[in-house]
Amino acid sequence: MNSHSPNIIDYTKLLKKWQKYILINICAITLMTVILSLIIPKNFTATAVLMPPKATSGNTFRSDSANPLIPLSGLFGNFTDESMNLIAIVQSRTVMEKVITKFNMIEFYKVDNIEEALEELEDAAEFEIQKEGTIHVSMLVATGWFHFDEDEITAKKLCADVTNTFVSELDELNKKLNLERASFHRKFIEERYFQNIEDLHAAEDKLKYFQETNDLVSINDQIAAAIESASIIKRKILLDQIQLEIYKDAFNPEHSKLEQLKKEIEEFKFKLNELENGSANDSSGDKLFLTISEIPDLGLNHLRLQRELEIQTELFKFLTMEYEEAKIEEAKDIPTVQVLDEAKIPERKSKPRRVLLVVSTFLVNIILNVLFIISYANYNKNLELHT
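Position numbers for residues count from 1 along each chain, tracking the sequence in the order it is written. Note on the predicted model: pLDDT of at least 70 is required for a residue's local features to be given, and 80 or more for side-chain atom pairs to be given and counted; whole-chain, interface and lining totals, by contrast, use all residues. Side-chain numbers here rest on the full set of heavy atoms in the structure, without hydrogens or water.

Asker: How should I be thinking about the overall build of the protein chain in this particular structure?
Answerer: Secondary structure assignment for the protein chain yields eleven helices and four strands. Relative accessibility decides the category of a residue: with a 1.4 Å probe and only protein chains considered, values under 20% of the type maximum give buried, values over 50% give exposed, and everything between is partly exposed. Within the protein chain, the fraction of its 387 residues that count as buried is 30%. Restricting to contacts in the protein chain with at least 6 residues of sequence separation, those with at least 24 account for 77%. The protein chains shown are the only cover counted for residues, whose accessible areas, like all others here, come from Shrake-Rupley with a 1.4 Å probe. Summed over its atoms, the accessible surface of the protein chain is roughly 26,100 Å², and 58% of this surface lies on carbon and sulfur atoms. Strands are runs of DSSP state E lasting at least two residues, helices are runs of H or I lasting at least four, and both sets are numbered from the N terminus onward. The criterion used for residue contact is that any of the two residues' heavy atoms lie within 4.5 Å.

Asker: Could you clarify how one ought to interpret the side chain of K156 in this entry?
Answerer: Position of K156 relative to the elements: it lies in helix α7 (residues 149–213). E152 provides the closest opposite charge to the buried, salt-bridge-free K156, at an N-O distance of 4.8 Å. Ignoring any residue separated from it by four or fewer positions in sequence, one finds K156 in contact with F44, I345, P346 and E347. Think of it this way: Lys and Arg go in the positive column, Asp and Glu in the negative one, and His and the chain ends go nowhere. Think of a salt bridge as a Lys or Arg side-chain nitrogen and an Asp or Glu carboxyl oxygen that are within 4 Å of each other.

Asker: Would you mind showing me how to read the packing of helix α4 (residues 93–103) against α7 here?
Answerer: Each packed pair of helices is defined by two parameters, the angle between the axes and the distance between the axes. Lines fitted to C-alpha atoms define the axes here, with helix axes fitted over just the stretch in contact, and angles between the N-to-C directions of these axes take values from 0 to 180 degrees. Packing of α4 against α7 leaves a shortest axis separation of 10 Å and a crossing angle of 135°. Relative to α7, the element α4 lies oblique. Helix-helix and strand crossings are classified by hand; for α4 and α7 the assignment is right-handed. Residues T94, V95, M96, K98, V99, K102 and F103 of α4 touch α7, and the partners they reach there are L158, D161, V162, T165, F166, E169 and L173. For this classification, Asp, Glu, Lys and Arg are treated as charged, while Ala, Val, Leu, Ile, Met, Phe, Trp, Tyr, Cys and Pro are nonpolar and the rest, including Gly, are polar. Considering only residue class, the contact of α4 with α7 consists of eight nonpolar, two polar and four charged. To sort the angles, those under 35 degrees are grouped as roughly parallel, those over 145 as roughly antiparallel, those from 65 to 115 as roughly perpendicular, and the leftovers as oblique. By definition, any crossing whose near helix is turned counterclockwise from its far helix by less than a right angle is left-handed, and any crossing with a clockwise turn is right-handed.

Asker: When you look at a negative patch on the surface in this model, what are you seeing that I'm missing?
Answerer: The grouping of D112, E116, E119, E120, E122 and D123 at the surface amounts to a negative patch. By secondary structure assignment, the location of D123 is in helix α6 (residues 114–124). Put simply, a patch holds well-exposed residues, over 30% relative accessible area, that have no salt bridge, with like charges counted together within 9 Å and Val, Leu, Ile, Met, Phe, Trp or Tyr side chains within 5 Å. Every charge is mapped to an atom, namely NZ of Lys, CZ of Arg, CG of Asp or CD of Glu.

Asker: It is not clear to me how the sheet that holds strand β4 (residues 338–341) should be interpreted in this structure. Could you clarify?
Answerer: Pairing between the strands of a sheet is mediated by backbone hydrogen bonds and can be parallel or antiparallel. Strand pairing follows a simple DSSP-based rule, namely that at least 2 bridges must link the two strands. Spatially, β2-β3-β1-β4 is the arrangement adopted by the four strands of the open sheet, whose pairing is antiparallel. Where the open sheet ends on each side, the last strands, each with one partner, are β2 (125–129) and β4. Adjacent strand axes in the sheet meet at a mean angle of 30° when their direction is disregarded. As defined by bridge partners, strand β1 (residues 43–51) adjoins β4 across three bridges and the pair is classed as antiparallel. From the neighbouring strand, L50 faces β4, where its bridge partner is V339. The sheet strands contacting α7 are β1, β2, β3 (135–142) and β4, and the helix crosses β1 at an angle near 25°.

Asker: Hey, could you run me through the nonpolar core in this one?
Answerer: Across soluble globular proteins, you tend to see nonpolar side chains buried next to one another. Core analysis: the biggest nonpolar cluster contains 38 residues, and L121, F127, M139 and F166 have the highest contact counts within it. Those elements that place two or more of their residues in this core are β1, α3 (81–90), α4, α6, β2, β3 and α7. For this core, the element with the highest residue contribution is α7, accounting for nine residues. Those residues in contact with F127, other than ones at most four positions away along the chain, are I87, V90, Q91, M96, H136, V137 and F166. What is meant by a nonpolar core is a set of buried Ala, Val, Leu, Ile, Met, Phe, Trp, Tyr and Cys residues, joined one to another through side-chain atoms within 4.5 Å. I233, I237, L258 and L261 belong to the second-largest nonpolar core, a separate cluster that totals eight residues.

Asker: Mind showing me how you'd approach the packing of aromatic side chains here?
Answerer: Each aromatic ring pair is summarised here by two numbers: the centre-to-centre distance and the angle between the ring planes. The pairing test for Phe, Tyr and Trp rings, Trp by its six-membered ring, is centres within 6.5 Å, and the orientation test on the planes gives stacked under 30 degrees, edge-to-face over 60, and tilted for anything in between. Summed over all chains, the structure comprises six aromatic pairs. Between F108 and Y109, the aromatic rings sit 5.3 Å apart at their centres with planes inclined by 70°, giving edge-to-face as the arrangement. Residue classification places F108 among the partly exposed residues on the basis of a relative accessible area of 31%. Ring centres of Y193 and F316 lie 5.9 Å apart, and the angle between their planes is 20°; this geometry places the pair in the stacked category. Placement of Y193 in helix α7 and of F316 in helix α10 (residues 295–331) is noted, with a sequence separation of 123 residues between them. A relative accessible area of 13% places Y193 in the buried class.

Dropping the structure here:
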């Protein structure tokens, strides 16, 4: 028996021989696909677009993902902590259950309980952060098999309503969480603010008591006056001592001028000793000049008390501003979600694409028919060769 490899002419003849079968098969499958595309459920999708929220400028404890102090921040897109927080909130069970309750999704999905409705809703809803930073909230609703125009209208309206409800519930829950956070922050600042007032009063009282106890009016001026007085007295002592040596050569030891200078020198030394070490006869109210020996300890203690008072004063200024700002933040009742585009009722279905379905089925059917006929012919030919 002679055999040769089939060529294009052989395949053409073969296909022509089976063309009736091929045409019937293709027409039947294509017609079934067209009918199927008309009765299968239609999916409608509505999408709302939200602006990424900005961090509150007054929040002392805010975190900024684009912080220039954080290496490589902002390198992986504009996904801020606030945007991720909104995604977490809108995907929460709290928001999902409110949507299910409002639209009676248990009955719509024809399920037995809320857990199954949650699974269906999670599959139908989609929440994404785009590269440009916007947040997209989408909801897909499908009609049933063998649906009517009323079913399509219901599905279109439902997907838009559910999407907008997601956005409104997101805003409500986010405002509630922000209010709780602002309230906690205000209470913390308030507690610290009133504690600072007590600390500030205590620091003022300590400084006042220290000044009264040590007869301090202006410590810097009093120190300067004490040092200047001691310098004047020392200079007087030195001059009198020089004058005394001169008089010793000019007068006899019992001369009145010598006695007068010696007495004057002793008085100056006594005064200098009082300035340096204080006098046992000085009462707390008669003391105008500081003693030299007291200056280091008094200066150091006064410096510490003054520094504590300045610290508490600066802290008071800071906490006063923070406290007022925290009260304003707590009283805010403004939308926390900026909606760029509300979800609109879709005019066209998102899927299935009927033309693509029919054309792709048509082409695949042709290919499968040709392959089947060629394979079937080769099988019969090989069977004849072996018999």
